[in-house]
Amino acid sequence: MFVNVSEISTYLVCPRLCYFRIRDKAKPTELNAAKEIYLSVRKGLDESWAFERFSQMFSDEEIFRSALRKFKFNDSLEDLKPIDWEIKLKSEKIKLRGILDELVEVDDERLPLILSLRSPSEGVWFKDRIKVSAFCMLLKQNGLDCNRGFVYHCFDGTLRIIEVGRRERYYVLKLVERVLRLKKGFVPEGTRNIKICASCEYKEICKSKPSTFASRFL
């Protein structure tokens, strides 16, 4: 049994949201659309190609148009030489797998780059730090040793680098353990962040008894 890097990120937003998404089919988000736009631009293609890719997976055109209106491209990305995109990585040793958005080269060093939507006023979001850490670990398991990586925020055009240490790698493994518990049926507590709950697609069912919403996914 493997844990996806995306599941770790969702767990950090809300453990119960992670539980629901493990059991439900994927719904489109602005991040899905922003990734298609970013990848098309980096490959020298246009927005129509990005939409063609997005529409093969999802049918919600408004989400794509909304992401396109907000998307910003930072010219500093041109300093990062693209090596490959959408790289599938997997490690049985750490029970982790994921698809890396982009592998880039800077000063003869190859580093992971992940995509996010908006940046905090300072530093990086913890979930992005952990996501970069997870991909550094996966790359190392697949023969590329790196201890840092980039996060690009598609809606404000900020590019930031994240250093990865032992503490971050240890936390990734703790999260793998927690998500594996969810995959085995454990029902976690939800977040206490009112803003996250207000916009959550599962907020109504989440208010019901665990036995009730668990049965929905059987």
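Residues numbered from 1 in each chain as written. Predicted model: local features only at pLDDT ≥ 70, side-chain atom pairs only at ≥ 80, totals over all residues. Heavy atoms only, no water.

Q: Sorry, what's going on with the overall build of the chain here?
A: Along the backbone of the chain there are 10 helices and six strands. Computed over the C-alpha atoms, the radius of gyration of the chain is 18 Å, within 12% of the 17 Å expected from 2.2 N^0.38 for a compact globule of 218 residues. In terms of principal-axis extent, the alpha carbons of the chain reach across some 55 × 40 × 35 Å. Here the chain holds 218 residues, and the buried ones make up 42% of them. Summarising the internal contacts of the chain: among those between residues at least 6 apart in sequence, 69% fall at separations of at least 24. Counting only carbon and sulfur atoms, one obtains 49% of the accessible surface of the chain, whose full area is about 12400 Å². (Helix = DSSP H or I, 4+ residues; strand = E, 2+ residues; numbered from the N terminus. Rg over C-alpha atoms; globule rule 2.2 N^0.38 Å. Buried < 20%, exposed > 50% of the residue type's maximum accessible area, 1.4 Å probe, protein only. Contact = heavy atoms within 4.5 Å. Areas by Shrake-Rupley, 256 points an atom, 1.4 Å probe, with all protein chains shown as cover.)

Q: It is not clear to me how the side chain of glutamate 36 should be interpreted in this structure. Could you clarify?
A: Tracing the backbone shows glutamate 36 in helix α3 (residues 30–42). Looking at glutamate 36, the relative accessible area reads 13%, which means it is buried. Of note is the side chain of glutamate 36, whose polar atom sits 2.5 Å from the side chain of arginine 53. Each residue touching glutamate 36, except ones within four places of it in the same chain, is listed here: Ala50, Arg53 and Phe54. (Polar contact = N/O pair within 3.5 Å; in protein donor to acceptor, adjacent residues only side chain to side chain.)

Q: For this particular structure, what's the right way to read the packing of helix α4 (residues 47–57) against helix α5 (residues 61–70)?
A: To characterise two packed helices, one gives the angle between the axes of the helices and the distance between these axes. Where α4 contacts α5, the axes come no closer than 11 Å and their chain directions differ by 145°. Pair α4 / α5 crosses with right-handed handedness. Contacts from Glu47, Ala50, Phe51 and Phe54 in α4 reach Glu61, Ile63, Phe64, Arg65 and Leu68 in α5. Of the residues belonging to the contact of α4 with α5, the class tally is six nonpolar, no polar and three charged. (Axes fitted to C-alpha atoms, helices over the stretch in contact; angles between N-to-C directions. Left-handed = near helix turned anticlockwise from the far one by under 90°. Nonpolar A, V, L, I, M, F, W, Y, C, P; charged D, E, K, R; others polar.)

Q: Is there a simple way to think about unusual backbone geometry in this case?
A: Leaving glycine out, the prevailing phi sign among residues is negative, and the prevailing peptide bond configuration is trans. Notably, glutamate 86 is not glycine yet its phi reads approximately 50°, a positive angle. With a relative accessible area of 34%, glutamate 86 lands in the partly exposed category. Non-glycine residue aspartate 107 carries a positive phi angle of around 50°. Within the element layout of this structure, aspartate 107 appears in the loop between β3 (96–106) and β4 (109–116).

Q: Just to check I follow, could you spell out the environment of lysine 25 for this structure?
A: Mapped onto the secondary structure, lysine 25 falls in the loop between α2 (15–23) and α3. Judged by relative accessible area, which is 69%, lysine 25 ranks as exposed. Distance from lysine 25 to isoleucine 130, taken between C-alpha atoms, is 24 Å for residues 105 residues apart in sequence.

Q: Where do I start with the environment of threonine 29 in this structure?
A: With respect to the secondary-structure elements, threonine 29 resides in the loop between α2 and α3. On a C-alpha basis, the gap between threonine 29 and serine 66 in space is 10 Å, while along the polypeptide they are 37 residues apart.

Q: Explain the pattern of salt bridges to me, please; I cannot follow it from the model alone.
A: Close approach of charged atoms allows side chains of opposite charge to pair. Following the criterion strictly, the structure yields 16 salt bridges and no others. Put simply, glutamate 30 and lysine 70 hold a salt bridge, and the shortest N to O gap is 2.9 Å. Placement of glutamate 30 in helix α3 and of lysine 70 in helix α5 is noted, with a sequence separation of 40 residues between them. Classification of lysine 70 as partly exposed rests on a relative accessible area of 29%. Ionic pairing is found between arginine 69 and glutamate 62, a salt bridge with its closest N-O pair at 3.1 Å. (Salt bridge = Lys/Arg side-chain N within 4 Å of Asp/Glu carboxyl O.)

Q: Explanation requested: the layout of surface pockets in the structure shown.
A: To find the voids left in a structure, one rolls a probe of water-molecule size over its atoms. In this model, the largest pocket occupies a volume close to 2100 Å³. Broken down by secondary-structure element, the contributors of at least two residues to the lining of the largest pocket are α1 (5–13), α2, α3, α4, β2 (81–91), β3, β4 and α6 (126–141). The class makeup of the residues in the lining of the largest pocket is 21 nonpolar, nine polar and 18 charged. When its volume is computed, the second largest pocket comes out at roughly 180 Å³. Lining the second largest pocket are 14 residues, and of these Cys197, Cys200, Tyr202, Lys203 and Cys206 sit closest to its centre. Taken together, the elements giving at least two residues each to the lining of the second largest pocket come down to α2, α8 (194–198) and α9 (203–206). Each residue belonging to the lining of the second largest pocket can be placed in one class, and the counts come to nine nonpolar, two polar and three charged. (1 Å grid on protein atoms, 1.4 Å probe; cavity = no way out; pocket = protein on both sides within 12 Å on 5 of 7 lines; lining within 4 Å. Points joined across faces, edges and corners; volume = space filled by probe spheres on them.)

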